[in-house]
Amino acid sequence: MPEFRQNLATKEWVIIAPERAKRPSYSSRKKKKIILPEYEKCCPFCPGNSSEKDPAVFAVSEAGRWLLRVVPNKYAALLPEISPIRKRIANFLKVEGFGVAEVVIETREHNLTIATMDVSGVRRVILSYKERYEELMKKEGLDLITVFRNYGPLAGTSLAHPHSQIIATPIVPLWFRNQIEEARRYCDDTGRCVYCDIIENELKFNERIVMETEHFVVFEPYASKSPYETWILPKLHNSSFRYISDREISDLAPTLQNALIRLHNAVDNLNYNYFIRSAPIGDDTVEHYHWHIQIQPRITTPAGFELGSGIYINTTPPEEAARILRGQM
Ligand SMILES: [Zn+2]
Ligand SMILES: [Zn+2]
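**Examining the environment of H288**
Piece 1. Among the secondary structure elements, H288 is positioned in the loop between strand 15 (272-277) and strand 16 (292-297).
Piece 2. Assessed through the 22 C-beta atoms surrounding it within 10 Å, H288 is described here as buried.
Piece 3. Distance from H288 to R184, taken between C-alpha atoms, is 5.2 Å for residues 104 residues apart in sequence.

**So, unusual backbone geometry**
Piece 1. The backbone of A63 sits at a positive phi, close to 50°, despite the residue not being glycine.
Piece 2. Assignment of secondary structure puts A63 in the loop between strand 4 (58-62) and strand 5 (65-72).
Piece 3. Overall, A63 belongs to the exposed group, with 5 C-beta atoms counted inside 10 Å.
Piece 4. Even without glycine at this site, A90 takes up a positive phi of about 50°.

**Some thoughts on the sheet that holds strand 1 (residues 3-6)**
Piece 1. Across the sheet, three strands lie side by side as 1-2-17; this open sheet has mixed pairing. Single-partner strands in this sheet number two, and they are strand 1 and strand 17 (312-314). When strand polarity is set aside, the average angle formed by the axes of neighbouring strands in this sheet is 35°.
Piece 2. Here four bridges tie strand 1 to strand 2 (residues 13-16), and the two strands are oriented antiparallel to one another. Counted as the bridge partner of R5 is V14 from strand 2.

**Quick word on helix 6 (residues 318-326)**
For an α-helix, the turn length of 3.6 residues means that residues three or four places apart are oriented alike.
Piece 1. All of the buried residues in helix 6 are P318, A321, A322, I324 and L325. In an axial view of helix 6, the angular spread of the buried residues amounts to 165°, which keeps them on one side of the axis.
Piece 2. Packing partners of the buried residues in helix 6 comprise strand 11 (209-212), strand 12 (216-219) and helix 4 (246-266).

Procedures and definitions
Each chain has its residues counted from 1, following the order in which its sequence is written. Think of it this way: whatever chain is written first is A, whatever ligand is written first is 1, and the rest follow in order. It should be noted that, the model being predicted, local features are given only for residues of pLDDT at least 70 and side-chain atom pairs only at 80 or more, the latter also being counted only at that level, while totals for whole chains, interfaces and linings use all residues. In this text, helices come from DSSP runs of H or I with a minimum length of four residues, and strands from runs of E with a minimum of two, each type numbered from the N-terminal end. Comment: burial labels come from other C-beta atoms within 10 Å of the residue's own C-beta, placed from the backbone, where a count of 20 or more is buried, 12 or fewer is exposed, and between is partly exposed. The rule for pairing is simple: two strands pair if DSSP sees at least two bridges between them. Axis definition: a line fitted to C-alpha atoms, over the contacting stretch in the case of helices. Angles run 0 to 180 degrees between N-to-C directions. This arc is taken over the directions from the axis of the helix to the C-beta atoms. Contact criterion: two residues are in contact if their C-beta atoms, reconstructed from the backbone, are within 7 Å.

Put into structure tokens, the structure is as follows:
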């Protein structure tokens with residue numbers, strides 16, 4: 001029977017309707033898998049190619065060769081050198097397109113991904129996120145830093161070379177403000193962080209847990225918007241990703257990799273986005289928000305009902321997705 005479920009942290013409603021799907025296994029696209037080469041001469045991010053001319057804002061090297069580089073995004077929608085002055089003409093409000101957009105070139109090899117690179121490489125990627133996060137926090141005028149990764153054409157990536165992106169904006173969008181406000185209300189009512197309570201309850205009920213490590217819990221949220229939505233929550237309460245410790249990074253690297261391997265095994269030709277949800281700059285010590293990673297496989301496309309109502313229909317119950325993912329290693 002279909003049911004409405006509410007996400008405790010965001011108050012968003014979804015419909016879990018397994019009857020709409022014939023089976024809980026998916027292929028993101030019925031297409032032959034493309035085998036990528038280790039080096040691609042047309043790829044700007046491969047060693048020796050065009051992006052090497054761009055000065056890196058952060059790099060890790062070994063024996064004279066770079067292993068990871070963070071460079072400004074050449075095709076950024078936002079520019080770092082203009083000042084974010086607000087202007088209002090009648091009802092029309094605008095701010096100059098100020099912001100910072102960077103690309104993390106995660107490895108030299110064109111054909112790797114988080115699921116297939118060495119775990120030390122994944123650790124390096126997470127470390128670069130933290131380095132840039134801390135650095136961008138110091139820049140005046142920025143309010144929100146979004147770290148994300150797009151994998152596959154259905155997830156919006158135009159380049160196959162393994163990379164993540166970081167975009168810092170002078171604006172916190174309304175939906176995110178609302179989510180933080182919901183978390184604040186929960187904290188006002190109960191004296192507790194809603195995400196800490198979610199972790200406690202998920203571990204107690206143990207129906208949607210994919211894996212648990214020393215510092216992280218990986219699970220399918222009770223009100224998953226789409227099949228195989230996966231959250232990675234740190235057990236230690238911190239509102240901002242900036243506070244991730246070295247020990248947590250060392251644990252997160254194999255955890256993130258393991259979660260993605262399970263997803264790749266469960267979904268043929270997986271396309272996904274993941275993003276780090278972290279409190280806005282300036283709110284990074286609040287007790288009511290709890291940073292985390294959300295992995296969103298791109299299996300279904302939101303249609304008229306989702307876009308019109310904001311209520312997502314998910315055909316794979318998260319309990320079923322968790323059971324499948326637990327069996328994938
Ligand atoms: Zn490449
Ligand atoms: Zn918490």
